[in-house]
Amino acid sequence: MSVNITFLGGTGTVTGSKYLVEHEGQRLLVDCGLFQGYKQLRLRNWTPLPMPAADIDAVVLTHAHLDHSGYLPLLVKQGYKGRVYATPATCDLCRILLPDSGHIQEEDAAFANRKGYSKHSPALPLYDKHDALVSLNALHAQALGKTFSPLAGWKATFSSAGHILGAASLLLEVAGRRLLFSGDLGRPDDLLMNAPDLPPDADTVLIESTYGNREHPKEDVLAELGPALKRVSARGGVAVIPVFAVGRAQAILYAIAQLKASGDIPHSLPVFLDSPMAVHTTDLYQHHPDAHKLDDDGLRALKHVATMIETPEQSKALAKRHGPMVILAASGMATGGRVLHHLEHYLPNHHNMVILTGYQAPGTRGATLAEGGAFVRMHGQDIEVKAEVVQLQSSSAHADATQLLDWLKHMKHAPAQVYVVHGELEAADVLRQRIERELKWRAVVPEHGSTWPT
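Below: a short report on this structure. Numbers given to residues run from 1 along each chain, matching the order in which its sequence is written. The model is predicted, so local features are restricted to residues of pLDDT at least 70 and side-chain atom pairs to those at 80 or more, both for listing and for counting; the totals for chains, interfaces and linings are taken over all residues. Think of the side-chain values as coming from all heavy atoms in the structure, minus any hydrogens and water.

Let's talk about the overall build of the protein
Alright, step 1. A run of DSSP states H or I qualifies as a helix once it reaches four residues; a run of E qualifies as a strand once it reaches two. Both are numbered from the N-terminal end. Per the secondary structure count, the protein includes 14 helices and 21 strands.
Alright, step 2. Dimensions of the protein, computed from C-alpha atoms along their principal axes, come out at roughly 65 × 50 × 40 Å.
Alright, step 3. Buried positions account for 58% of the 454 residues belonging to the protein.
Alright, step 4. Sequence separation of 24 or more characterises 74% of the internal contacts of the protein that already satisfy a separation of 6 or more.
Alright, step 5. Total accessible area computed for the protein in this model is approximately 18200 Å², and 51% of it derives from carbon and sulfur atoms.
Alright, step 6. Charged residues are defined here as Lys and Arg on the positive side and Asp and Glu on the negative side; His and the ends of the chain fall outside this count. Working definition for charges: the position is that of NZ of Lys, CZ of Arg, CG of Asp or CD of Glu. Across the protein, the centroid of the 42 positively charged side chains sits 3 Å from that of the 47 negatively charged ones. Relative accessibility thresholds used throughout: buried, under 20% of the residue-type maximum; exposed, over 50%; partly exposed, between the two (1.4 Å probe, protein chains only). Contacts are residue-level and defined by heavy atoms, with any inter-residue pair within 4.5 Å sufficient. Note on areas: Shrake-Rupley, 1.4 Å probe, and residue coverage restricted to the protein chains presented here.

Rendered as structure tokens:
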């Protein structure tokens, strides 16, 4: 029997990554992500999978970002009984991210019910913190470079993908076929993370395409971030920086530490990291020293450049402070979390600034800000945007189009088939064309829900 892949997410969009691999009645799910962004995408989170969760035999995660791991509590809640394999750092991060995700969903539902702005009565979370904590029992750590057996007769091997702590590419070997899942690939020139490992040979490759139609600018994040912070500081304003708690928060903190050390921004400029999840993630960098570029001095700079905010009371107290100051808070696309309250408070004032630090998926509040929207909808009301909005072009943790192609070129033999995934339709199709034109390989952008042989 053949080995088939069904694309249950991460196709035509950068969210919801889920790839179901089947062979002779055995089912393995690679990634288990939440859909984010447009409402029609988010509604997919509420749509049952095409098979009972109990019929999936194993799950393997490439990394911990919620668009790759955030559906896991729901899968377990729906009856999944198997193991979830991931790298040690990914397991550590999931123990931070998943309960936080459940907690935020509980809070958002409670807030909507209190304020009465939800169309549902009552508004319910997709899953809650308890569901997330239960799902953590399924995690089983597997070291990079060590082959393990997620199912009888199947082999799996993680290699480093850069990107964030624990991020991995996955080589899956089943029935004589070699399937390579790139996961989210980092940049060779990333400020914090090591370059991705070179890819092994495979018959079938799934390659991400977040930046499949773009190249990163030549200037680095310091050259972009420094002038923006200097500008808002000079006018006494507040810079709100929506960040992903894992990866982007730490990269921006480290950049700010370097800018202060070089005198490009005032050393006295107060900086606050208002995200318990980001605070705990920052601590993890000390526990996984091989996964990043920071030495002891760099780790100290990362920890001490900002005041770490954890309690809701501390977070609310920030609103009583005057600028200049910098507030980093999750989430990175302003889809939820504490950053919403800061945006609500600071967006209507032209002295302030919002600094967008990475890819903003269509349909998110971050995308609305990036596109110059005059209003942003939050907590059932439209908030006027008077603050200056700056979008950094150089702070992405994803490889750009040429870097993705360079990674593929290191394969010694051409794969029989490449599937271009985890990208908006235009980005995915542009990368598909480049793979076909420059590498002369067969490439396709699969449709959501479609099944393909390997």
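Looking at the nonpolar core
Alright, step 1. Each nonpolar core is a collection of buried residues, namely Ala, Val, Leu, Ile, Met, Phe, Trp, Tyr and Cys, held together in the definition by side-chain atoms within 4.5 Å. Counting 125 residues, the largest nonpolar core has Leu75, Ile207, Leu225, Ile256, Leu328, Ile355 and Ile435 as its most contacted members.
Alright, step 2. Sorting elements by how many residues they give to this core places helix H7 (residues 248-262) first, with nine residues.
Alright, step 3. Setting aside residues no more than four positions away along its own chain, leucine 225 makes contact with Ile252, Ala255, Ile256, Leu259, Ile355 and Leu392.
Alright, step 4. Counting 22 residues, the second-largest nonpolar core is a separate cluster that includes Ala329, Leu343, Tyr346 and Val385.

Let's talk about the side chain of serine 275
Alright, step 1. Among the secondary structure elements, serine 275 is positioned in the loop between strand S12 (271-274) and helix H8 (276-287).
Alright, step 2. With near-sequence residues (within four places) excluded, serine 275 lies in contact with Ala245, Ile309 and Ala330.

Describing the pattern of salt bridges
Alright, step 1. Salt bridges are identified by distance alone: a Lys or Arg side-chain nitrogen within 4 Å of an Asp or Glu carboxyl oxygen. Considering all chains together, one arrives at 17 salt bridges under this definition.
Alright, step 2. When the shortest N-O distance is used, the salt bridge between glutamate 388 and arginine 231 registers 2.7 Å. Highlighted residues: glutamate 388 in strand S18 (residues 388-391) and arginine 231 in helix H6 (residues 221-234), separated in sequence by 157 residues.
Alright, step 3. With a shortest N-O distance of 2.7 Å, arginine 235 and glutamate 388 are connected by a salt bridge. You can see arginine 235 sitting in the loop between H6 and strand S11 (238-242) and its partner glutamate 388 sitting in strand S18, a full 153 residues away along the chain.

Considerations on H8
Alright, step 1. In a helix, the anticipated span is given by 1.5 Å times the number of residues less one. Taking 1.5 Å of rise per residue, twelve residues should cover 16 Å, and H8 covers 18 Å from first to last C-alpha, within 8% of that figure.
Alright, step 2. Along H8, the residues that are buried comprise Met277, Ala278, Val279, Thr281, Thr282, Leu284 and Tyr285.
Alright, step 3. Residues of H8 that are buried sit in contact with helix H4 (88-115), H7, S12, helix H9 (296-304) and strand S13 (307-309).

Examining the sheet that holds strand S15 (residues 353-356)
Alright, step 1. If you trace the six strands from one edge of the open sheet to the other, you get S13-S12-S14-S11-S15-S18, paired in parallel fashion. The open sheet terminates on both sides in strands that have one partner only, identified here as S13 and S18. For this sheet the average axis-to-axis angle between neighbouring strands, irrespective of direction, equals 20°.
Alright, step 2. Taken together, the three bridges between S12 and S13 define a ladder with parallel strand orientation. In the strand pairing of S13, leucine 273 is matched with methionine 308.
Alright, step 3. All axes here are fitted lines through C-alpha atoms, helices being fitted over the stretch that makes contact, and every angle between N-to-C directions spans 0 to 180 degrees. Of the strands in this sheet, S12 and S13 touch H8, which is tilted by about 100° from S12. For two strands to pair, DSSP has to find at least two bridges joining them.

Observations concerning the environment of arginine 214
Alright, step 1. By secondary structure assignment, the location of arginine 214 is in the loop between strand S10 (204-208) and H6.
Alright, step 2. Placed 197 residues apart in sequence, arginine 214 and methionine 411 show a C-alpha to C-alpha distance of 22 Å.
Alright, step 3. Excluding its chain neighbours within four sequence positions, the residues that come into contact with arginine 214 are Tyr359, Asp400 and Ala401.
Alright, step 4. Definition of a polar contact: a pair of N or O atoms within 3.5 Å, with one able to donate and the other able to accept a hydrogen when the atoms are protein atoms, and with sequence-neighbouring residues admitted only if both atoms are side-chain atoms. A distance of 3.4 Å separates a polar atom in the side chain of arginine 214 from the backbone oxygen of threonine 210.

Some details on unusual backbone geometry
Alright, step 1. For the peptide bond that leads from glycine 323 to proline 324, omega is 0°, which places it in the cis range.
Alright, step 2. Mapped onto the secondary structure, proline 324 falls in the loop between helix H10 (312-317) and strand S14 (325-329).
Alright, step 3. The peptide bond linking alanine 330 to serine 331 adopts the cis configuration, its omega dihedral lying at 15°.
Alright, step 4. Inspection of the secondary structure assignment puts serine 331 in the loop between S14 and helix H11 (339-346).

Comments concerning the pairing of strand S16 (residues 375-378)
Alright, step 1. Residues Val376 and Met378 point to one face of S16 and are all buried, whereas Phe375 and Arg377, pointing to the other face, are not buried.
Alright, step 2. Where S16 meets strand S17 (residues 381-384), four bridges bridge the pair, whose relative direction is antiparallel. Within the sheet, the bridge partner assigned to methionine 378 lies in S17 and is glutamine 381.
Alright, step 3. In sequence, S16 turns back onto S17 through a hairpin of two residues, with histidine 379 there showing a positive phi of about 50°.

With respect to the packing of H7 against H9
Alright, step 1. With their axes 8 Å apart at the nearest point, H7 and H9 run at an angle of 100° to one another. Classed by the angle they form, the pair H7 and H9 counts as roughly perpendicular. Here Gln250, Leu253, Tyr254 and Ala257 of H7 come into contact with H9, specifically with Gly298, Ala301 and Leu302.
Alright, step 2. Any residue that is not Ala, Val, Leu, Ile, Met, Phe, Trp, Tyr, Cys, Pro, Asp, Glu, Lys or Arg is counted as polar, Gly included; the first ten are nonpolar and the last four charged. For the contact of H7 with H9, the class distribution of residues is five nonpolar, two polar and no charged. When describing relative orientation, an angle under 35 degrees is termed roughly parallel and one over 145 degrees roughly antiparallel, while 65 to 115 degrees is termed roughly perpendicular and anything else oblique.

With respect to the packing of aromatic side chains
Alright, step 1. When the centres of two rings from Phe, Tyr and Trp lie within 6.5 Å, Trp using its six-membered ring, the rings pair. Their planes under 30 degrees apart give stacked, over 60 give edge-to-face, and anything left gives tilted. Using the criterion set out here, one finds seven aromatic pairs in the structure.
Alright, step 2. Geometrically, the ring pair formed by phenylalanine 7 and tyrosine 19 is edge-to-face, given 5.9 Å between the ring centres and 75° between the ring planes. Here phenylalanine 7, found in strand S1 (residues 4-9), pairs with tyrosine 19, found in strand S2 (residues 18-23); they are twelve residues apart in sequence, far enough to count as distant. Like phenylalanine 7, the residue tyrosine 19 is buried in the burial classification.
Alright, step 3. Ring geometry for tyrosine 419 and tryptophan 452: centres 5.6 Å apart, planes at 65°, overall edge-to-face.

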